[in-house]
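If you want the building blocks of each chain, they are given just below.
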Amino acid sequence: MGLTKDYLKYEHAGSCGCVGSTNGQLVAIDGQTVAVSANEYLNFYNMRTTEKVNEIIESTKPITCVRQCENKPLLAIGYADGSVKLFNRENEDSEPVMFSGHKKAVNCIEFSSDGLLFATGGKDGVIVLWDILAERGMFRLHGHKESVTQMKFVRGDRFIISTSKDSLIKFWSIASQSCFYTVMDSRNEIYSMSLHRDESVLVAATSELELLVFELNWKNGAIFEQEVKSEEPSAKKATEEDMKEEDALANMANRYITTKFRGRVIRQSKGRALQLVSTHDDRFLVCVGADKVADVYRVFSEDESAKRLTKKLKSAKRKATSDSSAVSEDDVAKDVTILVTRIGEMVLPHKIKWIDVVKSVKNDGPTSIYKWYALLTDNTVHWVKMSIETTSNAVECDSVGNLDKLGHREDVRALCVSSSSSLLASGGGNEVIVWSTHSLRSSLTLTDNDIKEIVAVNFVPGDNYILTGGKNGEIGVFELSSAELVETRKAHTGAIWTIQNTPDNEGFMTASADKTVRFWGFLLVTEGSRKRISIREQKVLELPDEALAASFSPDGKFLVVALLNNTCSVYFVDTLKFFVSLYGHSLPVTCVDIAPTSKLCVTGSVDKSVKVWGLDFGDCHKSFHAHDDAVTSVLFCPGEEQLFWSAGKDGKIKQWDAVKFILVQSLDRHSSDIRCLAQFTNGSVMVSNGFSASHDKSIRCWEKTDEMVIVEEREELEREEEYEKKLIDEDDVVAGENADNEAGVASSKTSSSVVSAENIIQAIDIARNEKVQREEDPNHEPHPLIGAYNSRSLDHFIVDVIAKCRASDLDRTLLLVPLSYLTDILLAIASCTQQQYKAELCTHVAVYLTRFVLFVRLRSLRYFFRVHLSHIIASSDYVPIFEQMKTKMSEGVEKLREVTGTNLAALRLFATEMEDREQIKMFAQIELGAENPKKKRKGRKAVLKTLGKKFAVESDKTTQEES
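Residues numbered from 1 in each chain as written. Predicted model: local features only at pLDDT ≥ 70, side-chain atom pairs only at ≥ 80, totals over all residues. Heavy atoms only, no water.

A. Quick look at the UniProt feature "repeat: WD" (unreviewed entry) in the protein. Here, UniProt's "repeat: WD" (unreviewed entry) annotation points to residues 99-132, 141-182, 489-520, 582-623 and 624-657. Helix makes up 0% of residues 99-132 and strand 59%, and the two end C-alpha atoms of the span are 10 Å apart. Annotated as 0% helix and 56% strand, the span residues 624-657 places its first and last C-alpha atoms 11 Å apart. (UniProt positions renumbered as here; feature names shortened; annotations may be inferred. Helix = DSSP H or I, 4+ residues; strand = E, 2+ residues; numbered from the N terminus.)

B. Molecular detail of unusual backbone geometry. For S421, which is not glycine, the phi torsion reads 65 degrees and is therefore positive. Turning to its location among the elements, S421 is positioned in the loop between β31 (414-417) and β32 (423-428). For S421, a relative accessible area of 11% puts it in the buried group. Phi is positive for L576, close to 60 degrees, though the residue is something other than glycine. Residue placement: L576 occurs in the loop between β45 (567-572) and β46 (578-583). (Buried < 20%, exposed > 50% of the residue type's maximum accessible area, 1.4 Å probe, protein only.)

C. Seen up close, the packing of aromatic side chains. Evaluation of the coordinates by the stated rule reveals 27 aromatic pairs. Centre to centre, the rings of F508 and W520 are 6.1 Å apart; their planes meet at 10 degrees, and the pair counts as stacked. Highlighted residues: F508 in strand β40 (residues 507-512) and W520 in strand β41 (residues 516-527), separated in sequence by 12 residues. Accessibility assignment for this pair places F508 and W520 in one class, buried. Measuring from centroid to centroid gives 5.6 Å for F636 and F644, while their planes differ by 55 degrees, and the two rings are tilted. Neither residue differs from the other here; F636 and F644 are each classed as buried. The ring of Y79 has K85 lying over it, and the distance from NZ or CZ to the ring centre is 6.0 Å. Over the ring of F519 we find K539, and its NZ or CZ is 5.3 Å from the ring centre. (Phe/Tyr/Trp six-rings, centres within 6.5 Å; stacked < 30°, edge-to-face > 60°. Lys NZ or Arg CZ within 6 Å of the ring centre and 35° of its normal.)

What follows is the structure, given as structure tokens:
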């Protein structure tokens, strides 16, 4: 076809059916709104109306974690490619800020208490700290050997506590960028943790059936020895003694904390503990396991713990016999239930994946009422009201809402589009959901106790009835007007894999695993005062092996059946006589379809190949290695173009040309197995549904556009993407940095950072050429790119190109620039700093590219850098460059300080005059941390009023002294 017959591009037009992805999370926005991750979508649902009120879609990669800042309207979303996007919920029109620091999926996100920093932990075992205001990374922390599962900022955001699947709990200092303490008491993977009682009690959830409870004793920085008090049985003491020396070496830098293992608290939920969530009043704790039961614990305050200790001590003394030893308070205090105890459970219909609690609490006397949102593994969200009676510790949980009607509970196994192209039926589990193809919203749910394990669906001609086929061999007939099951028929003894209408629309056929294909006819029956459709068996075709799929030719001449014996059998429809066998696959054939011209047939197999056959003689025209896993569905496009689709368990949909034998395009938005395809008869829209057990669960719509697909361009783009992927996967070495250091560069190499580095190199090359050409020809016209940036000079042009880099990728971009371009960058930023042009960016670039000490008159600014330090020291060519930087940058920074000091003093005077005039104190929240703010305010006001016009000079001096 080439340019004589164009291929048109298909694009993703929408998604439905997925309430919450299997590896997703949810966040409680308020008392009735919850945000749930569904593949690459973050959907916002109103649980009262069970409607979707908003959505966020900013990436094609699945969402792996979501976190909301408690003090600011910020929402952070982590993706499977290691990137994080930060959204401002108050300004929904603003672009999200993107941070890239992980090579693998982001596991957890944690905000600091002031909302200025946030940390991310990934499956690569790395923790990255990000500055929200500067929109760039601060540093990354290496230390965990496995995936990081959770983090917490503690002690005024000075430290970070992290847990990992390597069974370690690490304490990190942000100031020193290092780990100063490690807890090694756990012998299993740690999945979650929670802090209580002013960060003095830590509860850790592991793969064991018990929660670990630690007591944290925070110090003021004094050097101390770690107290080792083991409560383990004697059998484990040998192991602890062997690790004693290792623990001492690992914790030599600890000046801040001691820990004491208090004990274990049993839980009832089965499997590993996935999540610990505490209420905002720090009174209760919920532990989610790999079960439909979540354990509820009560965390006692210090006063409550003292009362429980006294009560337990009296009880122990009362039970002690006269001849037994006396009961001491220390022995009773070892009981961990004095701190944390289990009081009840939350039971839901299916396994719980993730939960979150609403911040507001309703207190009705001794009863506290909490609202929870629970994401279940069967693709739904439940709204749970938990009532806890604090005196008796009685727990009562009621599900007050759910999103069951927005998707299937089990995997969708079949799709069918109505003849009017307005409805889409999806079958999976024990129900059929009818969707609107225009809005992609559920319009009807069909279910009945007699219909189970649906694997095939089909619209009856006229679109008033739907046929279903199940694994038990039963056919069900649903009437859409009444949403009722009007008839069932035990048609086969095995699973019914295919239901398809005959070409004349007077009946349908069913292909089953019982080695038969049965043909059925429609007839009209009367029940009372109404008439309905019924089905009647007409003839049976016996097969040599189990049928996995079947298809009629559009002209009604042939029936092709895919068999378990790796072949396809072609039969005449009128006589049911065998015509030809299509053999060539090495594994069972799973799907088959026939072209609209009835001359070609395409088959897909478990051997990952797709074959094109001619129905005239049964010869194989072409065999494609189509997918990286088993092919699950094939489908010809309407029309005479001879194009067909193939889908596989690798999550990809591919379009092929059956005449020229080339790959036209590939669609890869699904994240797991694709089970079936369906298409409008007019070919305007192709709807694909890809699912795997407990994965994806989405029904996606692909719309044909007017954009033309050039095969050569697509192949070139694929080669470029593969090359960029190799560049990203290569480890870039940072000069002067030890690979074994605990701290490193925050950002990771991405395709955008590679492109930005190439743009900087190109800009420097253009600037060098421009200098030469301007010397040779004074009337030389500048390069068009310089005009596009609207730069005043070549130095400004280089800085403008650097400023175009994404802030979070700037550090990594600078690492990718070769040493030979360093001189041009340093001279450009020195010149722009002198002219006060983007001075903050210029100083940051200087900080990152070299190491020097910059002295200004009022304050010495020390910038320590690491990238090209060794090369700079070894070369004398950089001496004049640094002399220029020292002079120009000092001058520029000095001017900025003067302007800033003058403006600050003027603003202070203006604020003082307004306060005197309005009798209102302004900006009170800024001075909360100052000592005696009133005295300072009075003194400053008196000076300003006395000096009058000289306020700028005096205020500048005051600013310099404060600095």
